Structures are given as structure tokens and as C-alpha cells.
Amino acid sequence: MAGLKTFDAFPKTEEQYKKKSTKGGLTSLLTYLFLLFIAWTEFGEYFGGYIDQQYVVDSQVRDTVQINMDIYVNTKCDWLQINVRDQTMDRKLVLEELQLEEMPFFIPYDTKVNDINEIITPELDEILGEAIPAEFREKLDTRSFFDESDPNKAHLPEFNGCHVFGSIPVNRVSGELQITAKSLGYVASRKAPLEELKFNHVINEFSFGDFYPYIDNPLDNTAQFNQDEPLTTYVYYTSVVPTLFKKLGAEVDTNQYSVNDYRYLYKDVAAKGDKMPGIFFKYNFEPLSIVVSDVRLSFIQFLVRLVAICSFLVYCASWIFTLLDMALITIMGPKWSLRYQPDDKTKGILDR
Amino acid sequence: MKRSTLLSLDAFAKTEEDVRVRTRAGGLITLSCILTTLFLLVNEWGQFNSVVTRPQLVVDRDRHAKLELNMDVTFPSMPCDLVNLDIMDDSGEMQLDILDAGFTMSRLNSEGRPVGDATELHVGGNGDGTAPVNNDPNYCGPCYGAKDQSQNENLAQEEKVCCQDCDAVRSAYLEAGWAFFDGKNIEQCEREGYVSKINEHLNEGCRIKGSAQINRIQGNLHFAPGKPYQNAYGHFHDTSLYDKTSNLNFNHIINHLSFGKPIQSHSKLLGNDKRHGGAVVATSPLDGRQVFPDRNTHFHQFSYFAKIVPTRYEYLDNVVIETAQFSATFHSRPLAGGRDKDHPNTLHVRGGIPGMFVFFEMSPLKVINKEQHGQTWSGFILNCITSIGGVLAVGTVMDKLFYKAQRSIWGKKSQ
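Calculation rules
- Residues numbered from 1 in each chain as written.
- Chains lettered and ligands numbered in written order.
- Predicted model: local features only at pLDDT ≥ 70, side-chain atom pairs only at ≥ 80, totals over all residues.
- Heavy atoms only, no water.
- UniProt positions renumbered as here; feature names shortened; annotations may be inferred.
- Helix = DSSP H or I, 4+ residues; strand = E, 2+ residues; numbered from the N terminus.
- Buried < 20%, exposed > 50% of the residue type's maximum accessible area, 1.4 Å probe, protein only.
- Contact = heavy atoms within 4.5 Å.
- Areas by Shrake-Rupley, 256 points an atom, 1.4 Å probe, with all protein chains shown as cover.
- Salt bridge = Lys/Arg side-chain N within 4 Å of Asp/Glu carboxyl O.
- Disulfide = S-S within 2.5 Å.
- Polar contact = N/O pair within 3.5 Å; in protein donor to acceptor, adjacent residues only side chain to side chain.
- Pairing = 2+ DSSP bridges.
- pLDDT = per-residue confidence, 0-100.
- Phe/Tyr/Trp six-rings, centres within 6.5 Å; stacked < 30°, edge-to-face > 60°.
- Patch = residues over 30% accessible without salt bridge, like charges linked within 9 Å, V, L, I, M, F, W, Y side chains within 5 Å.

In the nomenclature of UniProt, chain B corresponds to ER-derived vesicles protein ERV46 from the organism Saccharomyces cerevisiae. Annotation of chain B in UniProt includes, under Function, the sentence "Constituent of COPII-coated endoplasmic reticulum-derived transport vesicles. Required for efficient transport of a subset of secretory proteins to the Golgi. The C-terminal Phe-Tyr motif is required for exit from the endoplasmic reticulum. Facilitates retrograde transport from the Golgi to the endoplasmic reticulum." According to the UniProt record, the Sequence similarities comment for chain B is "Belongs to the ERGIC family."

By the naming in UniProt, chain A goes by ER-derived vesicles protein ERV41 and is assigned to Saccharomyces cerevisiae. Listed under Function (literature references left out) in UniProt, the entry text for chain A is "Constituent of COPII-coated endoplasmic reticulum-derived transport vesicles. Required for efficient transport of a subset of secretory proteins to the Golgi. The C-terminal Ile-Leu motif is required for exit from the endoplasmic reticulum. Facilitates retrograde transport from the Golgi to the endoplasmic reticulum." Listed in UniProt under the heading Subunit, the comment for chain A reads: "Interacts with ERV46."

When helices and strands are tallied, chain B shows eight helices and 18 strands. Burial analysis of chain B (415 residues in total) assigns 46% to the buried set. Sequence-distant contacts in chain B: of pairs separated by 6 or more residues, those separated by 24 or more amount to 75%. Working note: accessible area of chain B is about 20,900 Å², and carbon and sulfur atoms make up 55% of it.

Quick look at the overall build of chain A now. Scanning chain A for helices and strands turns up four helices and 15 strands. For chain A, buried positions account for 43% of its 352 residues. Sequence-distant contacts in chain A: of pairs separated by 6 or more residues, those separated by 24 or more amount to 81%. For chain A, the exposed area adds up to about 19,600 Å²; of that, 58% sits on carbon and sulfur atoms.

All names here are of chain A. Scanning the model with the defined rule gives six salt bridges over all chains in all. With a closest N to O distance of 2.9 Å, Lys 282 and Glu 176 form a salt bridge. One end of the pair, Lys 282, is in strand β14 (residues 278-285); the other, Glu 176, is in strand β9 (residues 175-181), with 106 residues separating them in the sequence. Relative accessible area serves as the criterion here: at 30%, Lys 282 is assigned to the partly exposed category.

Moving on: the UniProt feature "transmembrane region" in chain A. Residues annotated in UniProt with the feature "transmembrane region" correspond here to residues 24-44 and 312-332 of chain A. Secondary structure content for residues 24-44 of chain A is 100% helix and 0% strand, while the C-alpha to C-alpha distance between its ends is 30 Å.

All names here are of chain B. In the structure shown here, the tally under the stated rule is five disulfides over all chains. Here Cys 166 engages in a disulfide with Cys 189; their sulfurs sit 2.0 Å apart. Taking the sign of the S-S torsion, about 90° here, the bridge from Cys 166 to Cys 189 comes out right-handed. In this pair, Cys 166 sits in helix α3 (residues 166-176) while Cys 189 sits in helix α4 (residues 187-192), placing the two residues 23 residues apart along the sequence. We note that Cys 166, like Cys 189, is buried. Taking only the cysteines that form disulfides and numbering them from first to last, chain B has the pattern 1-8, 2-4, 3-5, 6-7.

Here we take up α3(B). Residues and elements named next belong to chain B. Within the sequence span of α3, burial applies to Cys 166, Asp 167, Val 169, Arg 170, Ala 172, Tyr 173 and Leu 174. On its buried face, α3 is in contact with α4, α5 (194-200) and β10 (228-231). Near the N-terminus of α3, the side chain that reaches the backbone nitrogen of Ala 168, with its oxygen 2.8 Å away, is that of Asp 165. Phi turns positive one or two residues past the end of α3, at Gly 177, with a value near 80°.

What follows concerns the pairing of strand β8 (residues 205-214) of chain B. Residues and elements named next belong to chain B. With nine bridges connecting them, strand β3 (residues 67-75) and β8 associate as antiparallel partners. Its bridge partner being in β8, Met 71 is matched across the sheet by Gly 210. As paired strands, strand β6 (residues 103-108) and β8 are joined by six bridges and run antiparallel to one another. Following the sheet pairing, Met 105 is matched in β8 by Ile 208.

Attention now moves to the sheet that holds strand β10 (residues 201-208) of chain A. Residues and elements named next belong to chain A. On the basis of which strands lie adjacent, the open sheet formed by six strands has the order β6-β8-β3-β10-β11-β7 and mixed pairing. Each edge of the open sheet carries a strand with a single partner, namely β6 (99-103) and β7 (112-113). With three bridges connecting them, β10 and strand β11 (residues 222-224) associate as antiparallel partners. Within the sheet, the bridge partner assigned to Val 202 lies in β11 and is Ala 223.

Further remarks concern the UniProt feature "transmembrane region" in chain B. Residue and element names in this part refer to chain B. Summarizing the sequence annotation, UniProt attributes the feature "transmembrane region" to residues 25-45 and 377-397 in the numbering used throughout. For the annotated span residues 25-45, helix accounts for 100% and strand for 0% of the residues, and the straight-line distance between the end C-alpha atoms is 30 Å. Overall, residues 377-397 shows 100% helix and 0% strand. The separation of its end C-alpha atoms is 30 Å.

Per-residue confidence for chain B averages 77 on the pLDDT scale, and 81% of its residues sit at or above 70. In this model residues 264-278 of chain B is a low-confidence stretch, pLDDT under 50, and it forms 27 contacts with partners more than four residues away in sequence or in other chains.

Another aspect to go through is the pairing of strand β12 (residues 232-247) of chain A. Residues and elements named next belong to chain A. Of all the 16 residues making up β12, 13 are buried; the element is thus mostly covered by neighbouring parts of the structure. Two strands pair when backbone bridges link them, and β12 and β14 are joined in this way by eight bridges, in the parallel orientation. Considered in β14, the bridge of Val 240 is made with Phe 285. By the bridge criterion, four bridges tie β12 to strand β15 (residues 288-295) in an arrangement that is parallel. What sits directly across from Phe 245, in β15, is Val 292.

What follows covers the packing of aromatic side chains. Considering all chains together, one arrives at 23 aromatic pairs over all chains under this definition. For the ring pair A:Tyr236 and A:Phe281, a centre distance of 5.0 Å and an interplane angle of 10° mean the geometry is stacked. With A:Tyr236 in strand β12 and A:Phe281 in strand β14, this pair connects stretches of sequence that are 45 residues apart. The same class applies to A:Tyr236 as to A:Phe281, namely buried. With a centroid separation of 5.0 Å and 10° between ring planes, the pair formed by B:Phe305 and B:Phe359 is classed as stacked. Placement of the pair is B:Phe305 in strand β14 (residues 300-314) and B:Phe359 in strand β17 (residues 355-362), with a sequence separation of 54 residues. B:Phe305 gets classed as buried once you look at its relative accessible area, which sits at 8%. Of the residues examined, B:Phe359 reaches a relative accessible area of 25% and is grouped as partly exposed. Pairwise contacts between aromatic rings join A:Phe206, A:Phe208, A:Tyr236, A:Tyr257, A:Phe281, A:Tyr283 and A:Phe285 into one cluster.

What follows covers the environment of B:Pro76. All names here are of chain B. Following the sequence through the fold, Pro 76 ends up in the loop between β3 and β4 (83-89). The class for Pro 76 is partly exposed, based on a relative accessible area of 29%. With 34 residues separating them along the chain, Pro 76 and Ser 110 place their C-alpha atoms 7.3 Å apart. When sequence neighbours within four positions are dropped, the list of residues in contact with Pro 76 reads Glu 204, Gly 205, Asn 251, His 252 and Phe 292.

Moving on, we get to a nonpolar patch on the surface. A contiguous nonpolar surface patch, about 540 Å² in accessible area, is contributed by A:Leu26, A:Leu29, A:Leu30, A:Leu33 and A:Leu36. Following the sequence through the fold, A:Leu36 ends up in helix α1 (residues 22-48).

With respect to the element layout, A:Ser239 can be found in strand β12. With residues up to four places along the chain from it excluded, the contact list for A:Ser239 reads A:Gln256, A:Tyr257, A:Ser258, A:Asn284 and A:Glu286.

Here's what the structure looks like:
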């Protein structure tokens, strides 16, 4: 067992042979404080991880995707017709799956009018905080909120709008969501009078995939309003990019989209007959998905890194201390040494 | 330079050996430090040798080049004699009835077992010359009204309008837009045994395997029944025999479907999906897909919409594979159109050809998956030094703690 001593690569020096000084102690204290600070930031970095972005081709064979919408249209619900046409040539009767409520048309406060939001990729933590799934409420009879038998009808609002909301599954191929009026583009039993149609609108929510109402999309809280030309064709071209956010086991599967918007005046295109007045959302799904994930080092790697940084700092501090001490002794003399200042306690017998 | 000056510059001051204390605890700590260092160095070496694939996005510049299409599809309720493959794209290029070139077809019995190849009889094919012909040199086969033969009496033998074999009659019917069915009562077809063979095979299935070249633009490929023909109104197939045989359908198993060079061809990749982060899956996401709806799908169209992303794999051994990944969407509809129980609020379009369609379009972006070492040489050396330094630092601290603890507990001056 005594042979173990020979393996000791860390031989100690007896205390009596060591010289200590208050300046050395102060330097040590500062070094330890700095080490604590570094360790704290390293721990923060370890727990925070770093953001890694990858792009993958979706290997899952999908059939449908959900469109979530909440729109105010400046036309009575009776005259609206909503369809989806896509690459498969199917016509989806969306009107049967959405909720339509009569309402007095208005543009809510804080809505961007005749403009769309800046398109930004949200932060990972922001998404995880806002990814609260929800469902649309049931349809309400909005007219029942007002007493229509009241002789004083002056204060009754005019129900000149329609609140269209709900989630609809559509084929996951390029297509178009069409909000038009009855008999425009499709055969209908009733014909909507052109003078009663206005396609001014407010988009409160327009998103693809699972419905997360708190996640902002480029078209959320935007409006298009043209008082002079109510019969306008509004077209939105959207390109959808599936995006998966991952952090600490939590996964949020969303769909970002970029958008361009165009408008055509009915009087300009009526002769051609190829553009109906209405609101049209053209969508296209990109094959590449973005995977935004929070990545962190393994614990062993982190420990090795932390120890290496701390030991390097201690080593650097001791070197700086030694070199500074040598410099002071060389330039200003031994009495300026940081390492050893003689006092009564440390004086030898012959020095007293 | 004076020796004393050099001495004063020595930052690595040593302590005399006779005032240094060595302990057993120090020895144990040293041994554990050596073992820990070895473990960490082996770990670093493993990480240095690990191979990672880093994806990179670029704009695809190879738009002019052709793209390989590889497939292996089984139709359990569709005889090889009737099935046809056409490839069409937006440039107007058509590859009609291409199963005779680059594809092998295996006939399957009702249990799905192979019963022989299908080269001897294929409705879309042009015959292989083995069928018995009429040996009379003056023989001019009738076209049964599909072609005008009224002037034949006044013409020389080589100028006569004739249908010498079953395939010629079928082509004449196709040009006239007539339904050919199974060729019954057509002398040439009866003589060649075509009628009996095709009726014998009507309860069989077919497995089609092979490859073709497609242009890198939007288009579609489709398996459909009967011989294809083109006219001013569009692209059609003679589905007459299919229409009257109600047990036929395009229920299918996609054993393999990919675009570009198969990634599995690289020996390293076999069974090594982890290394590519699942990229192998995305080159053929439809593999193993079985479509057998629980309803009559005789008049039914199955569609896949594939968005192709050109992909290059660059390996460490300088092997480069140009291939493609794709994402797919599936859709099916009855040819009768209207609503169905699966989609109550959807009006399916009416008409079309029964079959299996793959609509493809190309992405302008290209993914380059590049193999790299997990670390560079300099990174590896730096990490090794870091590991050694870190372990020594921890060892020093632990040794000091042990030494001080021993001294304070047992009051030992030395050990």
C-alpha cells in the first residue's frame, strides 16, 4: 500500500514552507468570484441550450390539412358562398362546415387596414408560450341580443356584415379558398344582388394546421377596406412552410406562411369574366419543413468544459499573479512584491 | 543572456523534493485521474471518428438533366395484360405505354404469388412476333370497319389497307375511337389465341418493377387500363374491357417508389438510417404503402401528389449520389363524382380514367447532405488538452481537500 505514495502526482508542500500575503488572498478571492460568475453563466448556457435549425423533407404521407379562419365580411350571410377548389379538382362546400353569424360590420381597433403584417419567424420560446390549442366556439344568434320589437329602432345596429369562423379540413395540395356571393362563379338557387355586395373584410385569424389562436400569422388582425369600390376582388397568395418547434421533449407542429396580396376592381375585369368579386386565398404547400430545436450539450461534455474553463482561469490567474509579482520586483524592488511582505510574525530570529 | 536573468523569468518555480509530501490518497487520486483521462480521451476519439450529415440548401442548377424514376408496384386485382403506364409532363412530352421498355411485369395469382412473367401478352404492346400469322401471301386481314377498305380491290397488294394481326385491328379500333373489349369474334385475335389468353388472365394480379427517365418539370405518371390514345380532346385509354369486368380495380401496394438514384445503392447506408437523420425515409416515403379501401373501387382514381426536392449525398469517401427526396399527399375519388361517405361536404369532380396517378412537381431548391467528421483535427487536439487539463485541475483540488481534511481530523503532519 505504501507504493501508492509514489504514484502521487500532486505532492504537497508543508505549510511552514509556504509564504502567504494579504494581496495574494485578495487576488484569490477575486479569482474565486470570477470563477463563480463564469460557472453561473456556463450553467445558464447549459440549461438554455442553443437553437438549431434543420430543414427536412416531410416523409409522412398526408391527406388533409386544417385551415382555421375568423373573418368579418361586409356582406350579409345570406348572400355569401364559400368553396374550396384544389388541384384534385374537388369542390369542398365549406359553407356547411363553417359558422356564419350576422353582425354589424366594423373594423376592430388595432387592425392594420389595407396592409399585411411583417412576416417574421417567431422565437422558439415565444412559440412554446403561445402554443395553446383551442377550438372555435359554437354559433350564436346575434340578433337575439337586440330587442327587435322595440318601437325605437333607431339605436338598433344594421346587420350588414357576416362573421365567418371555424376550422375546415382541405386536401393538402395547392388550392384556393373562395369567399364569393351566391351565383358568382357557381350555379345557385338565389342570385345575390350586386348592389348589396361589399367584400371589405377583416381577418382576425387565418392559419393552417392545428389551431393555436395566440400564435401570430401574417394575415391576423388585418383588414382590406375600399369604400369607393365595394365590388373588389381580393386575392391572397400564400405559401405554407411546415415548421416543427422542439424543446425539452415538447413539440409544437405549426405552419408558417408567406403571403402576397392583390386586388382587382370589378369594373376593370368584369368584361373578361375571369375574376369574380370576392375574397380568394390561394395556398401552396412547400415540400421542405423547418425543424427548430433547442439543443444542449451532454452533461459529461458540459462538466468537462466547465472544469476546463475554471482550471484554465485559475491557472491564468496564478500566472498573471506570478508575472506581475516578478515585474514589480524587477522594476520597483522587492518591497513591492505581491507575494511576500515581511511583518513581525514572519520575521526570523536573526531579523528581530 | 545571464543565467540569473533566465532564472528570474522562470514562471514554473519548483519546490525542493525533500520538502514535498506524498500521500496514499494522492496516489489513489492520481490513478483515478489517469483512468478518467483515458475514458475522456477515448470518448473524444469516438466523437472525432463519428460521422455527421450536415444539410445545406442551394438553388437547383440541374434543371436540364433528366431524373430517374424507380418503382415497384403491385396491383392484386389488375392483370398485366390490361395495365399500362404513361408519363406526361407540362412540356408536352409524352411517354405512352412504356411498360415494354425498362420494366418487368410479373403475373400474380389470386393469392398474390408469381405465376410467370407477362412478356408474351400485353394489351399495350406491339406483339413479339411469335403469334401465328396467315401464310397466304395475298391475305389482307379485315379491319371490321375501323378503316376504309372499300378501295382495296383496285389497289396493289402492298398498297392495300389491311389489318394483318390482332394488334393492327386493335390499333385501328383505337384510331376510330371504338371499344375493342377482348377481341372476341375478331378472326386475327381468335387465331393468335389472344381472346382465350386475356380471358384466362382476368382474375390475376400484376407486379410491375423498373425505371424510366422523366423531365425535371411538372407532370404526371399513371397506371391505367387499356391502350392509350391521344386526340384533340385530350388523353384517353380504351377502358372497354376494364369497364365490363367488374372485379378489376387499382387497389395497390407500393413496394418502392423513388426519384433519382436509389440512396440504398450506397453500401455504407444499408441499415444506417441514424447517420442520415431519417433522410433515407424521405427518398421513398411511399414504400410499403397498401391501399385497399373497404368499398368497391372498380371505378375509382387513386392520386398521389409528390413534391420532389433534388438531393445530393456527399460521402467522406468522395462518393456522390444525385438523388431526390419527395413529400407526398394522397387523394382518392370515385369517377362518378359527387359526395361520398368519406367526404360528405365534398363534391368530387366527375369523370376521368380509373387508375393510379402520381402527379409530380419539382422544387427549385436542392438539399446537399454532406458527410463530415464530428470534429476537426485541431478541435480534437484542443478537446484532448482540455480534458487532460480539466482532470488534472480537479485532481489537484481534490488532493488538497483530502490532505487538509486528513491533517485537521487526524492532526497528521505527514503520512
